[in-house]
Each structure stands twice: as C-alpha cells, then as structure tokens.
Amino acid sequence: MARVNALFGGWTVLVLAFFYAPIVLLVAYSFNSSRLNIVWEGFTLKWYGMLWRDNRLIAALENSVLVALAATSLAVVVGTAGAWLIHRYRYGGIRTISTLAFIPMVVPEIIMGISLLVFFKTTGVALGYGTVIIAHTTFCFPFVMAAVQARLAGLDPSLEEAALDLGATPLKAFWYVIVPYLMPGIVSGALMAFALSMDELIVTYFTSSSASATLPLRIYGMAKVGLNPMINALSTIFIVATILLLLASESVKRLRR
Amino acid sequence: METMVELRGVTKRFGTVAAVDAVDLQIRKGEFLTLLGPSGCGKTTLLRLLAGFEMPTSGQILIEGRDVSDTPPYRRDVNQVFQSYAIFPHLTVEGNISFGLKMRHLPRDEQVQRVAEATELVSLKGLEKRWPHELSGGQRQRVALARALVCRPKVLLLDEPLSALDAKLRHAMQLELKHLQRQLGITFVFVTHDQEEALIMSDRIAVISRGRIDQLGTATEIYHSPASAFTADFIGEANLLDSAILARNGVTAQVRMAEGVEVTVRASALRPESTRALLSVRPEKIYITRTKPAKDNTFKGVIEEEVFRGAMDELRIRVAGKLELMAMVANESAHEHAWHKGDTVYCAIHTDDIVVVEQK
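Rules of the game
Residues numbered from 1 in each chain as written. Chains lettered and ligands numbered in written order. Predicted model: local features only at pLDDT ≥ 70, side-chain atom pairs only at ≥ 80, totals over all residues. Heavy atoms only, no water. Domains from an automatic or database assignment. Contact = heavy atoms within 4.5 Å. Buried area = accessible area lost by both parts, 1.4 Å probe. Salt bridge = Lys/Arg side-chain N within 4 Å of Asp/Glu carboxyl O. Helix = DSSP H or I, 4+ residues; strand = E, 2+ residues; numbered from the N terminus. Buried < 20%, exposed > 50% of the residue type's maximum accessible area, 1.4 Å probe, protein only. Pairing = 2+ DSSP bridges. Axes fitted to C-alpha atoms, helices over the stretch in contact; angles between N-to-C directions. Expected span 1.5 Å × (residues − 1). Polar contact = N/O pair within 3.5 Å; in protein donor to acceptor, adjacent residues only side chain to side chain. Arc of directions from axis to C-beta. Phe/Tyr/Trp six-rings, centres within 6.5 Å; stacked < 30°, edge-to-face > 60°. Lys NZ or Arg CZ within 6 Å of the ring centre and 35° of its normal.

Asker: Looking at this structure, how should I read the domain arrangement of chain B?
Answerer: Residues and elements named next belong to chain B. Examined at the domain level, chain B breaks down into domain 1 (3–234) and domain 2 (239–359). Taking only C-alpha atoms into account, the centre of domain 1 sits 39 Å from that of domain 2. On the domain 2 side, the residues contacting the ten residues of domain 1 number eight residues. Across the domain 1 to domain 2 interface the summed buried area is about 720 Å²; carbon plus sulfur atoms make up 52%. Of all residues in domain 1, Tyr 223, Ala 229 and Ala 232 bury the most surface against domain 2, accounting for 58% of the area lost on that side. Across the domain 1-domain 2 interface, the total number found is zero salt bridges.

Asker: Whenever I open this one, the environment of B:Ile205 confuses me. Can you help?
Answerer: Residue and element names in this part refer to chain B. Of note, Ile 205 is situated in strand β9 (residues 204–209). Overall, Ile 205 belongs to the buried group, its relative accessible area being 0%. Distance in space between the C-alpha atoms of Ile 205 and Val 191 is 9.9 Å, their sequence separation being 14 residues.

Asker: It is not clear to me how the sheet that holds strand β18 (residues 323–330) of chain B should be interpreted in this structure. Could you clarify?
Answerer: In a beta sheet, neighbouring strands pair by backbone hydrogen bonds and run either parallel or antiparallel. Residues and elements named next belong to chain B. With antiparallel pairing, the five strands of this open sheet are ordered in space as β15-β19-β16-β17-β18. Two strands bound the open sheet, and with one partner strand each, they are β15 (286–289) and β18. Direction aside, the axes of adjacent strands within the sheet are offset by 45° on average. Where strand β17 (residues 312–320) lies against β18, eight bridges are found, and the strand directions are antiparallel. Residue pairing across strands places Glu 314 opposite Met 328, the latter belonging to β18.

Asker: Help me understand helix α5 (residues 109–123) of chain A in this model?
Answerer: Three or four residues apart is the spacing at which side chains of an α-helix point the same way, because the helix has 3.6 residues per turn. Across its 15 residues, α5(A) extends 21 Å between first and last C-alpha, which sits within 8% of the 21 Å expected from 1.5 Å per residue. In this structure, the buried side of α5(A) is in contact with α4 (94–106), α6 (129–152) and α9 (202–207) of chain A.

Asker: Help me understand the interface of chain B and chain A, please; the structure alone is not making it clear to me.
Answerer: Frequently, the measure chosen for interface size is the accessible area that the parts lose on association. Chain B puts 23 residues into the contact, and the matching count from chain A is 20 residues. Here chain B and chain A share an interface that buries about 1900 Å² over both sides, 64% of which is from carbon and sulfur atoms. When the area that chain B buries against chain A is broken down by residue, the three leading residues are B:Tyr74, B:His90 and B:Met103, summing to 32%. Joining chain B to chain A, the criterion identifies one salt bridge. Here A:Glu161 makes a salt bridge to B:Arg48, at a shortest N to O gap of 2.7 Å. Our count for the chain B to chain A interface comes out at eight residue pairs in polar contact (both at pLDDT 80 or more). Within the residue set of the side of chain B that touches chain A, elements represented by two or more residues are α1 (43–51), β6 (78–81) and α2 (93–103) of chain B.

Asker: When you look at helix α2 (residues 46–53) of chain A in this model, what are you seeing that I'm missing?
Answerer: All names here are of chain A. All of the buried residues in α2 are Trp 47, Tyr 48 and Leu 51. Considered in projection along α2, the buried side chains sweep an arc of 100° and stay on one side of the axis. Of the exposed residues in α2, the ones pointing more than 90 degrees away from its buried face are Trp 52 and Arg 53.

Asker: What should I look at first to understand the sheet that holds strand β13 (residues 261–266) of chain B in this one?
Answerer: Residues and elements named next belong to chain B. Read across the open sheet, the five strands follow the order β13-β12-β11-β14-β20; overall the sheet is antiparallel. Sheet topology places β13 and β20 (355–359) at the edges, where each strand pairs with a single neighbour. This sheet shows a mean twist of 40° between the axes of neighbouring strands, independent of strand direction. Both strand β11 (residues 239–249) and strand β12 (residues 252–258) contribute to a ladder of five bridges, which runs antiparallel. Each residue of the ladder has a partner; that of Arg 248, found in β12, is Ala 253.

Asker: What should I look at first to understand the packing of aromatic side chains in this one?
Answerer: In this description, an aromatic ring pair is defined by two values, namely the gap between the centres and the angle between the planes. Taken as a whole and judged by the stated rule, the model has twelve aromatic pairs over all chains. Seen in terms of ring centroids, A:Phe18 and A:Phe19 are 6.2 Å apart; in terms of plane orientation they differ by 50°. Their pairing is tilted. With 5.5 Å between their ring centres and 90° between their planes, A:Tyr205 and A:Phe206 make a pair best called edge-to-face. On the accessibility criterion, A:Phe206 (18% relative accessible area) is buried. Of the aromatic side chains, those joined through ring pairs into one cluster are A:Phe18, A:Phe19 and A:Tyr20. Lying across the ring of B:Phe88, B:Arg147 places its NZ or CZ 4.6 Å from the centre. We note B:Arg282 situated over the ring of B:Tyr223; from NZ or CZ to the ring centre the distance is 4.1 Å.

Asker: How should I be thinking about the pattern of salt bridges in this particular structure?
Answerer: In a structure, side chains of opposite charge can pair up when their charged atoms sit close to one another. Residue and element names in this part refer to chain B. In this structure the tally under the stated criterion is 30 salt bridges over all chains. A salt bridge links Glu 54 to Arg 48; the nearest nitrogen and oxygen atoms lie 3.2 Å apart. Looking at Glu 54, the relative accessible area reads 16%, which means it is buried. With a closest N to O distance of 3.2 Å, Glu 273 and Arg 271 form a salt bridge. Since its relative accessible area comes to 39%, Arg 271 is described here as partly exposed. Salt bridges linked by common partners bring Glu 237, Glu 304, Arg 309, Glu 314, Arg 316, Arg 318 and Glu 324 together as one network.

Now the structure itself:
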C-alpha cells in the first residue's frame, strides 16, 4: 500500500512539474537582470519598470481591458438572456437554436477570424474597437450561456411562480428572483469570458485596426522581433492577475452560499 | 353563506387529456376547503387554475364575483404556499416575507409593521435575519406561510405544504394551520393526497377523481356516506361488497353478499329498478365476537390473517367462498383473549353502517 501511495505521489509531482515548470521558469526570468533567458545574473525589477514606461504596451493594455470589459458585458447580457429564454420558453426548433449558439465555441479561431473579417469588409464596417468587441462577444457569450444553463438546470420552477404569485410581473420576477439565483453562474461565466477576451490573439488579429490592437497582439509583435525579458515580466503580471481573478470568483461563490 | 370563489364549468386540457373536466365548485368565504385525491387526479391543476399559473381551456373562475379567468397571477388577490416552499435563497427570512409588499410598493413603515406581525403570527420571531439555508424544514414552511399571509390574500392556496415534514411535526402543523385559519378567517384551499390530513383539517372536502369532483361534503359526510365506490375506498378503508337485491320490505331490503350471507340494509338509498348494489362497510363497523350474538346481520367466519397495526388489529375474515371481510378491532394482542389466525368468529354489522355506493 505504501509503495502504491509513493508511486501515485511521485506521478502527481511529475504531472504538476510538467504543467508548472515552464511558468515558474518564466516568472523567475522576469526578475533576471540578464537579457538572455538562459543565464541567471541577478535579481532586478528593471523589466517591470520598462514595461511601465512603454507607452505602446500601456496603450495595448488599455485596449485589452476596454475590449474585454465591453465584450464581457455584452456576452453576459446575450448569454444570460439566451439561456433563460431557451430554458423558459419552448419555441419550435429550440434544439437547433441552442446547438447553433454553441458553435462559436468549437469553430477554429482562424476560420472565425477570417469569416468575421470577410463579413466586416463586405458590409463596409471599418475595423476598429467596435469590430473587435463584436468579434470577442461572439466567442465569449456561449461560455456565459453554458455557465448560466448549468445553474438553470437546478432551478426550482416554483421559484418564478412564487414571485409571480407575490405580485411580481414576469420581468420583475426575472430581475429580482431569477437573476440573483443565476448570479454565481453569471459571475463564473463572466470571469471566463473576461479571461478569454484578454487572451485572444487570432480573431483579434483579423478584426482589429492598429489603433485597437490588444495586448496579446502587441506581445506577439514583440516576440516576432526577438524574445525579451519584458515579455516575461508582462506574462508574470498576467498570471498573478488571473490567480487573483480566480480567488475572487471562489470567494464570491462562498459568500453566495 | 357568502361565496368567495366560484368555478363554472372549468375545463383544463393538456393536449387531448382533460386534467380538469367541467368542474363546478363554490368555495365559501372563510372556509377551509380541501381538494383531496390520488396523484394525477387533477387537484394540483385545479389549484394552479385558482392561482393563475394555468388558464382554463373553457369555463369561468370568479373571485368575489369578479371573473379572473384571464387574470395573471400577479394581479390576483390570491397567494400560495408551494409544496417545495419556493423560498428565495438569496433573501433572508425578512426579505422573503416582505417580497410581496415590496412588489406592491407599500410604504416602508407599513412593510416593517406587517412583516413584524407575520413573523409573530407564525412564531418566527428572532429569526428575521437568518438565511434560508440556516433554517429547518419546519421553519422554512413557516416562512412560506408568512410570506403568503403578509399579503392578506382573499384566498390562501396550499399545495401539499406538509408532505415534507416528519409525522409528529406534520400533525402539530395540521392543528396549527387549522387554528390559524380560524383565527384569521381567510379562505383556505388545501391540496393533499392524504385522506387523514383532509379529515382532520377541513370544513369541507372535495374528493377529486379523474379531473372531476366525485363528492363534496364535510369530513363526516364523506366518511360515513361515501357517494361512490371511489370515495369509499379512497377515504379510510372500506369493504366493497357487490350484492344482489333479494327483496324489499318497506324501509329495509334484503341483500345477498355471497351464497348464504344475507343482510338487511336501508331501502331508502335503493332505486326501485335496481337489482344489484355495491355496498360499503367500514372495517371498524364490523363487530367480532366468539359466541353468536343476538343481532341481525350476523354471520360466521374464520380469521385468515391477523395484522398488528399498533392501536388497532386488522383481521381478515373469510366468511364464505370468495367473500373476505376486513375488520378493525382495538388491539388486544397482549391479552389472553387475543384473536388468532384460524379462530372461528361471528361478525355483526349494524344496518345503518351499510352504505349503498353504487347500484344498477
């Protein structure tokens, strides 16, 4: 028994190392004073300082946050409303509609990027913030919808009826009873959408203008020229932000209990 | 008596199935009416029609004389206690109870006062700030009750509200609900499949079968004079005996339950042209003795089975051929003279305890 445990323990350590070693390495090198990743010269924060002073990067970060916030908000509205309507009302062809809604999750990003680009060009929409936000909403909303649908599966149908019974119109019942009930699903879907949007490269590549370029696009541009410790520093900030987001969503869930 | 709710030929179809089939019913102001029936009989649909969650396919529903057939639930002066309680999980006890008042935009101080009254009424004082998941089943039930009563409905609908409670608490709540209803004078419409619960709580009971009202009456009327085999069998327990009518002698008639088993029944319930009758006899109305009593309607039998049921003993007595009677006697299994399988006994039934439920 002890040997089996040791075996499993060892295996777990190996798997975790496989996952996290590159990330740990990247974080470590973001504090390396050498320009070269392979040699450790000493501790420094200068790359972080350089990041802060790089106006193009800061502008790209601002774009990213703006796009992610807008796309997440739209995805929350569309995804939640969609999940509720599919759950609550039985239209003809509802199955087809709900399957169609999830297709953006599985379509290869490059195809989505190209088709959106073609669409915007044909309709004469100039590439810019608007097009990036629309593109991001397209692939983000299914994730919100899925999270909300998971929550809806456990909904007691009497809850809405109780609200109606107590004098709430269907709209008020949705707002004051259903939405609070769905909140954990909406929050986790929104966090997912936000993370996906912040992360997105390929679709953004096709649908943004140079003014609306997001952070991943800028990093990609920098990496093409050559690896730079600034990228390590930037990635470290991203990782920390992601962990903080996750912790926040967990504590939100616990509060909601 | 003033009428609070009136149903006129109300039918509700789901596809081709009539869940509620041409029901006429008048519910009196301030009465405790129970809709009683097995699952799938349409009693819950009937309640949902009253609440406004379903609209009738045809017919009319009137509350205090006003036609509400097409009125949505949020514009009816009717509130419901749900089977699942449907407590809002994101609101405290107080938030749940005041929900209906908020929706009606009542002034803040009136809300506070009415919530305080309601919490007092259902003994929830001191729990106002609790969250639903911190409450016991019984407490949640009280929240559901207070949340509905605080709106001062004309009719309170209760959909099997006690079914999730354990037996002891359930009985206590039955009496408490009954007292509450008397105290407030609000019309209660209570749905249950539990006949004992219906007998304990109701002013009147509507026995529902296949979407129709089988019988409407007080608990004692329904128990002692069931109008159909269904009601006789569903409420309490009954021996249903298909018998041939042999002769009529003025106020009584002679019927044969089985070969050699003839009894006298009241003739008043029999139609002149009837030749057969289905008789109902309650098991506790069959008197069991060891020696032949000097009474009419007496016949001999053998105990086939004896079932210990706590306060009562259930005896299955083979009388003749296929005729088997179920009798209930006070439990004497601890005594020497207890009944045992194989004992030969005499059964006596009083003429008044034989009810004609069907005839042809």
